[in-house]
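So the chains spell out like this:
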Amino acid sequence: QVQLVDSGGGLVQAGGSLRLSCAASGRTFSSYAMGWFRLAPGKEREFVAAISWSGGSTYYADSVKGRFTISRDNAKNTVYLQMNSLKPEDTAVYYCAAGNSGSSYYPAYDYWGQGTQVTVSS
């Protein structure tokens with residue numbers, strides 16, 4: 001079993017940057033693919049990015065490609081989401097998740113963090 005704790009959210013102006021972190025407990029972190037999703041008021045849960053267990057493969061939603069970077073440090077049991085050039089439409093609660101494949105389909109993930117709020121002001 002894996003427990004995930006999201007952190008790093010906050011309030012930032014448009015054009016600014018934030019780095020989200022997701023710390024995992026458990027010895028099997030390195031065997032899981034990791035993903036980031038977000039949920040904004042009135043919208044459905046949206047895939048943001050995913051990374052394979054080794055970090056060798058990454059995937060991004062078109063809406064964040066070129067602005068966001070997902071990475072992981074298996075020695076620290078942590079996955080990161082570097083968010084640059086933030087836009088007001090990036091405002092949402094961001095959740096990390098662990099699963100067996102780096103899918104954009106949220107049911108593919110078995111474990112979820114508690115979420116961290118990101119607010120981008122215009």
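Residues numbered from 1 in each chain as written. Predicted model: local features only at pLDDT ≥ 70, side-chain atom pairs only at ≥ 80, totals over all residues. Heavy atoms only, no water.

Visitor: What is the right way to read the sheet that holds strand 8 (residues 78–83) from this model?
Guide: An order of 1-3-8-7 is seen for the four strands of this open sheet, with the pairing classed as antiparallel. One side of each edge strand has no neighbouring strand; the edge strands of this open sheet are strand 1 (3–7) and strand 7 (68–73). Averaged over all neighbouring strand pairs, the angle between strand axes comes to 15 degrees, with direction disregarded. Relative to strand 8, strand 7 is paired through six bridges, and the arrangement is antiparallel. Each residue of the ladder has a partner; that of aspartate 73, found in strand 8, is threonine 78. (Pairing = 2+ DSSP bridges. Helix = DSSP H or I, 4+ residues; strand = E, 2+ residues; numbered from the N terminus. Axes fitted to C-alpha atoms, helices over the stretch in contact; angles between N-to-C directions.)

Visitor: Sorry if this is basic, but what is going on with the nonpolar core here?
Guide: Ranked by size, the top nonpolar core spans 34 residues in total, and within it Met34, Trp36, Leu81, Met83 and Tyr94 carry the most contacts. Elements represented by at least two residues in this core include exactly strand 3 (18–25), strand 4 (33–39), strand 5 (46–51), strand 7, strand 8, strand 9 (92–99) and strand 11 (116–121). Leave out the neighbours within four places in its chain, and methionine 83 touches Gly16, Ser17, Leu18, Leu20, Arg67, Phe68, Tyr94 and Val118. (Core = buried A, V, L, I, M, F, W, Y, C linked by side-chain atoms within 4.5 Å. Buried < 20%, exposed > 50% of the residue type's maximum accessible area, 1.4 Å probe, protein only. Contact = heavy atoms within 4.5 Å.)

Visitor: Looking at this structure, how should I read the pattern of salt bridges?
Guide: Once the charged atoms of two side chains with opposite charge are near each other, the side chains can pair. One pass over the structure, following the stated rule, counts four salt bridges. Among the salt bridges present, the one from glutamate 46 reaches arginine 38, with a minimum N-O distance of 2.8 Å. On the basis of relative accessible area, arginine 38 is assigned to the buried category, the value being 6%. Each of Arg38, Glu46, Arg67 and Asp90 takes part in one network of salt bridges that share partners. (Salt bridge = Lys/Arg side-chain N within 4 Å of Asp/Glu carboxyl O.)

Shape is all these values report; function is a separate question.
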